[in-house]
Every structure is written in C-alpha cells, then in structure tokens.
Amino acid sequence: MKESMTSVDVKYVVDELQSIIGSRVEKIYHEGNEVRIKLHKAGEGRIDLLIEAGRRLHVTTYIKENLQPTSFAMLLRKHLSGKFLTGIEQREFDRIVILHFGEYRIIAELFGRGNIVFVNGNWEIIGALRYEEFKDRSIKPKIKYVFPPTKENPLRISFERFVELMKEEDTEIVRALARKLSIGGLYSEEILLRAGIDKMKKVSELTEEDLKKIYETMLSVLNAEKKPNIVYKDGEMVDVLPIDLLWYSNYHKKVYGTFSKALDEYFGKLSIEKAKKEKTKALQEKKKALEISLKRIEEQMKGFEKEAKDNQEKGDLLYANYTLVREVLETIKNGIRKLGVEEVKKRIENAKKEGYPWAKLIVDVTGDTLVLNLEGKKVRLNINKSLEENAELFYEKAKKARQKLEGAKKAYEETKKKIESIEKEIAKEEKDVSIKKLEKRKKKWFEKFRWFISSEGFLVIGGKDATTNEIVVKKYMEENDLYCHADIWGAPHVIVKNGQKAGDKTIFEACQFAVSMSRAWSEGLASGDAYWVHPNQVSKQAPAGEYLPKGAFMIYGKRNWLHGIPLKLAIGIVNYEGEDLVMCGPVDAVKAHTKRYIVIRPGDMKKSELVKKIKRIFEKWGYKVPEEDIMAVLPPGEGDIVEVVE
C-alpha cells in the first residue's frame, strides 16, 4: 500500500493546483507533521490545502477539529494571514513543492522524514516544522535555505544524456531507470511494460533502438493524460495514481474528477483509520484479550459437554448390559483374587481365541481396573466396586461436568456482554475521532451573489464586488426584473427577479438590502437612500467623453426614490427549494420564511466575533453551519446583535 506521494504524483498535483492560485489565506493549522492552510477563493469559497511532511500535499476535505494553536502555526499566521497564494511549483522532478505567498515561501519536503520550511524573499529560514543538521545543509533559523542534491529531471533530459545515465551502471534496465531518474519502481515497470522491453535485461544488452523506445515511452508516460484513480484489490485500497497504468489492468479502479480528490480520499481514509486505531488502542487490546478468553471458554464448554455426554453414556451402557457386565466383573474380580492378574489375562486370551462372547468384551485388565468394550465404547471399571457403584461414579462425573458447563456458559455470556460493551465504546470513540470529512454542499447559482427571498417570495440578488456587479446586471437582469441601487458609492447592484410583478413590500426590502449591503453599513450609518428603475433604464453606455469602470452602469430616466431607509437586517435558516440555507436579508423577509432569526445592525463587534456568536445560536437551534457560510452572507464591516427571536 502506498504510504507517500511519488515525484510523478507531485508533478500532476502541482499542475492541478495552479487553479487555486489567487486564493487568500484565512487560517493556518498545525498538528504533528501536518500543516493545513485554510484558503478562500472568490467564487469558489473555502479551500483547505494540506501538507504532510514526507508524505503528501493536496486539497483536502478531511478536517482535524479542535486543534490547539502551536508556535509554528502562530508563526505562519503572523506572516501569512490575509496574504494571497501567488504561485505553486515543483523543484525540478523532486518531491519538493514551493508555495509562494508574495515575498514569503513555504517549502514542502515530501521525501524521507520530510519537513515544512518557511522562508522569506531572500530564502532565509524564518521557521520550520523541525530544525535539522545534514552533511550538506542545515534547517535552522536565520540561515539561507539550501535544496537537497537533485537528480536528473526526466522531463527535460536529452536522449543522449539519458543513454549516458543508463550506461553508467551495467544493471537491469528496470533498476537503472528507477535509480537514475527518480521515477520509482512502479513507473519504471510501467514504462518497460508499455515499451515491450524485458525489465530484467541488462543495459549492456539493449540496442540503441531499444533505448530510444524506452526514452520515448518514458516521456509519454510522464506526460500521459490525467485520469486520477484509486486502485483496489479484494476491496482494499492499494494505490492512488494520477494516470491510468497498464500495471494495474487486472485491478478494480475508481476514477475521480481531480487528482486532489483521489489523494484526499486515499490518504484521508488512511488518516481516519490511523486516528481511530490510536484513539481506541487500549479498548482494542482489552477487546482482543476478551476474545481470546471467549475462545478459551468455548473450548472448555466443548470439553465439558463431551465429558458429560461420555460419562452419561458409560453409566447408561452399564445398566443396558447389566447382567453380562455384572457376571464379567464378578468373574474377573474372583479370578484375580484366586489366580492373580497374569493368569487371568492368559485365560482371557485363550477364551477370545475360542470365541467366547464375554471374553471379546474385555479390552484390558490390571490389578484393580477392568476395561470393557460396550457397543464400541471403552468403559473403564473399578474391579473392587460393584456395577452400581461404577455406574454411580460415571453419573457423578457427568453431573459435575454439566455443572462446569453451566458455569462456563454463564462466563461465556458475561464475556460476550463485555465485548459488546467495549465495541459500543469503540464505536463511540471512533465517532468522536477528531478527523471529519467536510462535505461541501453544491451551492445554488444565486449563492455566489448576495441574495435573499422577499416576504412576497421573490428572489433578490446583488453583487459582492465589481466583477459580480457586472455579472448580475449583464448576465442575470431580464426585462421583467427590477433594478435597485443605494445612493452611496460602491453599493451593490441589486436585481429583483420577475420584480415587475412584485408589490411595494418587496421593492422596499430590495432597496433596504441595497443600502444595508453597501459601505453605509461599515461606516456605521443608521439609514440611507435608495432608488429603483426598470431594466431598460440601466446601460453600460457612458455619456460622450466619459468612461465607465468595471461594475459601473449608467441610469437613464426617472429614478423612484425611497428615503431614510433604516440599516437593519436579520439572519436565519430558511428552507428554499428543499434545502436549508443561511439567509441574511431585511427583517420582514427573513421573518416570513422562518420562526427563529437574529436581528443585526451596524455596530462595534468584529465580524469574526459576530460570526462565532451567530454560529453558537444556530448550534443551539440544532443547525451546524460552517463559519464561512455565515461570513459569506453578512454585510461588510462590524455589527451588533439587536434581538434573537426564537
């Protein structure tokens, strides 16, 4: 089973992660060998980038909860919070990834024990996961970061240099490929399989044509079309790959949309299983000891059952053959007393030869023991006791065995209950494991904008920035809609969908939304003015000699003004189109769609604190809402909670 990413994996994931460049750092978490960077990208929302030293780097949905901030996490937060991810690159073909955040860099070493190193623009080390000293470099604060020695990059190597490297050692071609070019054993096998070259052939046995074929196949494999997949054997994961390999042609494969998703599912499940094992280790050991005990009790029960049955049958056989057994017992007892054991044995042997039926019953005789074969079962009797006394001994043994069996059964049931109880404890502990899969809900089209549902049931949308303002008007405004705007610079463009059928209440709510979601909120204003017009009055056509920047539009004709609109909103959970959504809008609009809501206004509480407070209220109501979902719908700037309606 794969334990860490290969150089090929790193190449493909770095190519894929170019899509998250431009994301802003919100928070950084650290535990053990892992650093998780919580990013936010406009239009996409939350992105969690996970780096595990010596192992992996990818976007993740498996989140460790309740992490205490470490000194390394705080160091990274201090320098990187609010910074933008400006670049991601692989160092040559090594398992090293460099993340650029403006003048700062995080270097993820994914080979060996691995490390995560934080450096400034001059490559001076500010901090690291661990400080280390090597023969050719050091990881220590305030010294320049030095990359470890690198091998040839197979993506850039010329054919002539490739041949030189292969011929440096006269070994099997599969070994030469893996050693000289850092592509690993699996990809060396795949290249030779596709090229149709015997992997065990010595390099000296290969022709130039063979080497050319291997070289071209190598480039083809390392640049193959991406097809992320997890490989399974007998239902168990064995590998995760960015491309489809012939080597695994007889295995079951599950294909994913992105390599990050495949890596996340593979390593995420391994991490959860590891966390579960660590959390339940003591309980698992206790369960194992009880299971061993249960197996031992099962064996004892079988033994007691057999003993009881055997002795019961022997006692019954004595009475079933009463006359014959009593005569044989008396005869042998008298014979030994008069003639001795050896003489009796001789006479029994002679009687067997002469065909006497009673003699055939006798298996063995000693000084005080007679062994009979009764109906195929050997029955050992005490010669000095009567048949009845011998039978009673067997019945007594059977009784004791049954008593022991009952005791063992009781112990068995008690042990089973203990195991069941521990299994419940294990299940509870596993449920409480600190790694959770963050299930991202597929958002509705309007959630990338500011939005609410009016008290009359009309959808109202507004822009969040210049780009979304442009999109709202140019792409989503139709002739049956209404357009609203606050009388303040930088306010969102607000559209009431199908608004020409809306009443005065919806129009007022849309204008209040436009005012509240504007700069007026962050400036702490109590009220503002807004107007509404028809779509045909809104144009991108600027007056002669003027220029309209991105997100700006001209309004022609009469504006329908509403003055002194109070800045006040509410936030709650509403059910819309079968889904529970966090909605922030005018109080009457939110009130119309949910019985429980929180009224807010411009204030002094930091937005992050306001989000946490609202989140706690939602949790009290039974809703587990991510902080970023609440943050996304709130107006810009600080605020206060005016009222909580339950």
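Being a predicted model, the structure only gives us computed values, none of them experimental.

Asker: Which residues make up the sheet that holds strand β27 (residues 560-566), and what values go with them?
Answerer: Here six strands make up an open sheet; going across it, the order is β20-β21-β23-β22-β24-β27 and the pairing antiparallel. Sheet topology places β20 (450-453) and β27 at the edges, where each strand pairs with a single neighbour. Sheet twist, expressed as the average angle between the axes of neighbouring strands with direction ignored, equals 25 degrees. The sheet strands contacting helix α14 (residues 504-516) are β20, β21 (459-462), β22 (482-486), β23 (494-496), β24 (527-533) and β27, and the helix crosses β27 at an angle near 65 degrees.

Asker: Help me get a handle on the sheet that holds strand β3 (residues 45-52), residues and values and all.
Answerer: The strand order across the open sheet formed by four strands is β1-β2-β3-β4, and the pairing between neighbours is antiparallel. Either end of the sheet is taken by a strand with one partner, and the two such strands are β1 (24-31) and β4 (56-59). The mean inter-strand angle of the sheet, taken between neighbouring strand axes irrespective of direction, is 15 degrees. Taken together, the seven bridges between β1 and strand β2 (residues 34-41) define a ladder with antiparallel strand orientation. The residue bridging Tyr-29 from the neighbouring strand is Arg-36, located in β2. Strand contacts of helix α2 (residues 71-80): β1 and β2, with the helix running at about 170 degrees to β1, the strand carrying the most contacts.

Asker: Outline the environment of Glu-152, supporting the account with residue identities and numerical values.
Answerer: Its location among the elements puts Glu-152 in the loop between β12 (138-139) and α3 (159-166). When its relative accessible area of 27% is taken as the criterion, Glu-152 is described as partly exposed. In this structure, the C-alpha to C-alpha distance between Glu-152 and Ser-182, residues 30 residues apart in sequence, is 7.9 Å. Beyond its immediate stretch of four places on either side in the chain, Glu-152 contacts Ile-157, Arg-161, Leu-165, Lys-180 and Leu-181. Here Arg-161 takes part through its side chain, which lies 2.8 Å from a polar atom of the side chain of Glu-152.

Asker: Could you give an account of α14, with specific residues and numbers?
Answerer: Helical geometry: 3.6 residues make up each α-helical turn, so side chains three or four residues apart lie on a common side. Counted at 1.5 Å a residue, the expected span for α14 with its 13 residues is 18 Å, and the 18 Å between its end C-alpha atoms agrees. Most of α14 is tucked away: ten of the 13 residues are buried. Among all positions in α14, only Thr-506, Ile-507, Glu-509, Ala-510, Cys-511, Gln-512, Phe-513, Ala-514, Val-515 and Ser-516 are buried.

Asker: Hey, could you go over the pairing of β20 for me, with residue numbers and the actual values?
Answerer: On β20, burial covers both faces: Arg-450 and Phe-452 on one face and Trp-451 and Ile-453 on the other are all buried. In this structure, β20 lies alongside β21, joined through four bridges in antiparallel fashion. Bridge assignment links Ile-453 to a residue of β21, and that residue is Leu-459. Following β20, the chain reverses through five residues before pairing antiparallel with β21; Gly-457 in that reversal takes a positive phi of roughly 90 degrees.

Asker: Describe in detail the packing of aromatic side chains, supporting the description with residues and values.
Answerer: Applying the stated criterion to the full structure yields 18 aromatic pairs. When the ring of Phe-449 is compared with that of Tyr-476, the centres are 5.3 Å apart and the planes differ by 75 degrees; the resulting orientation is edge-to-face. Of the two residues, Phe-449 sits in the loop between β19 (435-437) and β20 while Tyr-476 sits in helix α13 (residues 466-476), which places them 27 residues apart along the sequence. Pair check on accessibility: Phe-449 and Tyr-476 agree, each one buried. Judged by centre distance (6.0 Å) and plane angle (50 degrees), the rings of Phe-618 and Trp-621 are tilted. Residues Phe-618 and Trp-621 agree in their burial class; the two are buried. Each residue in the set Trp-445, Phe-446, Phe-449, Trp-451, Tyr-476 and Tyr-576 is aromatic and connected to the rest through ring pairs, giving one cluster.

Asker: So what's going on with the pairing of strand β13 (residues 229-233)? Which residues, and what values?
Answerer: Across the five residues that make up β13, a large majority, four, are buried. With five bridges connecting them, β13 and strand β14 (residues 236-241) associate as antiparallel partners. From the neighbouring strand, Val-231 faces β14, where its bridge partner is Asp-239. Here β13 hands over to β14 after two residues, with Asp-234 in that stretch at a positive phi of 55 degrees. Here β13 pairs with strand β15 (residues 252-255) via four bridges, running antiparallel. In the sheet register, Ile-230 faces β15, and the bridge partner there is Lys-254.

Asker: Please set out the state of the cysteines residue by residue, giving values where relevant.
Answerer: Scanning the model with the defined rule gives zero disulfides in all. Looking at the unpaired Cys-484, the closest cysteine sulfur is the one in Cys-511, lying at 4.1 Å. Given a relative accessible area of 0%, Cys-511 falls into the buried group.

Asker: Got a sec to walk through the packing of helix α4 (residues 173-181) against helix α5 (residues 184-195)? Specific residues and values, please.
Answerer: Two elements in contact, α4 and α5, have axes whose closest approach is 9 Å; the angle formed by their N-to-C orientations is 130 degrees. As the angle between them shows, α4 and α5 are arranged oblique. Seen along the crossing, α4 lies across α5 with a hand that is right-handed. In this structure, α4 uses Ile-173, Val-174, Leu-177 and Ala-178 to contact α5, whose residues at the interface are Gly-184, Gly-185, Ser-188, Glu-189, Ile-191 and Leu-192. Here the residues of the contact of α4 with α5 sort into six nonpolar, three polar and one charged.

Asker: Help me get a handle on unusual backbone geometry, residues and values and all.
Answerer: The backbone phi angle of Lys-142 is positive, close to 70 degrees, even though this residue is not glycine. Checked against the element boundaries, Lys-142 lands in the loop between β12 and α3. Unusually for a residue other than glycine, Glu-375 sits at a positive phi of about 55 degrees. Checked against the element boundaries, Glu-375 lands in the loop between β17 (369-374) and β18 (377-382).

Asker: Could you give an account of the layout of surface pockets, with specific residues and numbers?
Answerer: The rolling of a water-molecule-sized probe over the atoms marks out the regions of remaining empty space. Of the volumes computed, that of the second largest pocket is approximately 540 Å³. Looking at the second largest pocket, it is lined by 28 residues, and the ones nearest its centre are Asn-469, His-485, Trp-489, Gly-490 and Ala-491. Breaking the lining of the second largest pocket down by element, the ones donating at least two residues are α13, β22 and α15 (519-522). Broken down by element, the lining of the second largest pocket gets its largest block of residues, three residues, from β22.

Asker: If you had to explain the side chain of Arg-137 to someone new, which residues and values would you point to?
Answerer: Looking at the secondary structure, you find Arg-137 in the loop between β11 (132-133) and β12. A polar side-chain atom of Arg-137 sits 3.1 Å from a polar atom in the side chain of Glu-109.

Analysis parameters
Residues numbered from 1 in each chain as written. Predicted model: local features only at pLDDT ≥ 70, side-chain atom pairs only at ≥ 80, totals over all residues. Heavy atoms only, no water. Pairing = 2+ DSSP bridges. Helix = DSSP H or I, 4+ residues; strand = E, 2+ residues; numbered from the N terminus. Axes fitted to C-alpha atoms, helices over the stretch in contact; angles between N-to-C directions. Contact = heavy atoms within 4.5 Å. Buried < 20%, exposed > 50% of the residue type's maximum accessible area, 1.4 Å probe, protein only. Polar contact = N/O pair within 3.5 Å; in protein donor to acceptor, adjacent residues only side chain to side chain. Expected span 1.5 Å × (residues − 1). Phe/Tyr/Trp six-rings, centres within 6.5 Å; stacked < 30°, edge-to-face > 60°. Disulfide = S-S within 2.5 Å. Parallel < 35°, antiparallel > 145°, perpendicular 65-115°, else oblique. Left-handed = near helix turned anticlockwise from the far one by under 90°. Nonpolar A, V, L, I, M, F, W, Y, C, P; charged D, E, K, R; others polar. 1 Å grid on protein atoms, 1.4 Å probe; cavity = no way out; pocket = protein on both sides within 12 Å on 5 of 7 lines; lining within 4 Å. Points joined across faces, edges and corners; volume = space filled by probe spheres on them.

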